[in-house]
Amino acid sequence: MSDECIFCKINRGEIPSDILYRDEDCFVIRDVAPRAPVHLLVIPTVHFTYLSGLSEEFQPVLGRMFSAAKDMAAREGVVDSGYRLVINQGPDSGQEVPHLHLHVLGGRHLGGMA
Ligand code: AMP
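Since the model is a prediction, treat every value here as computed from it, not as a measurement. (Residues numbered from 1 in each chain as written. Predicted model: local features only at pLDDT ≥ 70, side-chain atom pairs only at ≥ 80, totals over all residues. Heavy atoms only, no water.)

Undergrad: If you had to explain the environment of Y50 to someone new, which residues and values would you point to?
TA: With respect to the helices and strands, Y50 occurs in the loop between β3 (38-44) and α2 (59-76). Residue classification places Y50 among the partly exposed positions, given a relative accessible area of 36%. For the pair Y50 and I87, spaced 37 residues apart in the sequence, the C-alpha separation amounts to 9.7 Å. Among residues more than four places away in sequence, those in contact with Y50 are Q89, G90, Q95 and L100. (Helix = DSSP H or I, 4+ residues; strand = E, 2+ residues; numbered from the N terminus. Buried < 20%, exposed > 50% of the residue type's maximum accessible area, 1.4 Å probe, protein only. Contact = heavy atoms within 4.5 Å.)

This is the structure:
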């Protein structure tokens, strides 16, 4: 947990947000500034910024995040049309929030990779 982290604050209920899904390892919210009709964030409850900061004991958390992303894509109805999973890491990626998270984007043609 980080006192100032916006995603930790959402996790603790200090910032109101509609939690679409939660398990012991992660939770899912809608992105506040969606770049596609479906734009969800899958957020681990443990605070870490980079994959490189993830010790081996937390690797199952990543599996749970991808499983949640897959299930949420189905709930949002974008499995057949397709969707994109994105994890930004560090300055060149444009990462804004220093708490690892998985973007789930879909509902329109997303174009090529940057
Ligand atoms: P990134 O650039 O990968 O760090 O993505 C951070 C994302 O968090 C951005 O797409 C923001 O729009 C989103 N975001 C920031 N604050 C909130 C919030 N309070 N609720 C939902 N999404 C947020």
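Undergrad: Could you give an account of the nonpolar core, with specific residues and numbers?
TA: Core analysis: the largest hydrophobic core is formed by 19 residues, its most contacted members being V28, L40, V42 and M65. Elements with a minimum of two residues in this core: β2 (26-30), β3, α2 and β5 (102-106). Among the elements that make up this core, the one with the highest residue count is α2 (7 residues). Contact partners of V42, with chain neighbours within four places excluded, come to C26, F27, V28, M65, A68, A69, H101, L102 and V104. With 9 residues, the next largest nonpolar core counts C5, C8, F27 and V97 among its residues. (Core = buried A, V, L, I, M, F, W, Y, C linked by side-chain atoms within 4.5 Å.)

Undergrad: Tell me about the sheet that holds β3, and please be specific about residues and values.
TA: Spatially, 5 strands are ordered β1-β2-β3-β5-β4 in an open sheet, and the strand pairing comes out antiparallel. Both edges of this open sheet fall to β1 (21-22) and β4 (83-86), since each of them pairs with a single strand only. As judged from the 4 bridges shared by β4 and β5, these two strands associate in the antiparallel manner. By the bridge assignment, V86 is partnered in β5 with H103. Contacts between α2 and the sheet are confined to β1, β2, β3, β4 and β5, with β3 contributing the most and set at about 155 degrees to the helix. (Pairing = 2+ DSSP bridges. Axes fitted to C-alpha atoms, helices over the stretch in contact; angles between N-to-C directions.)

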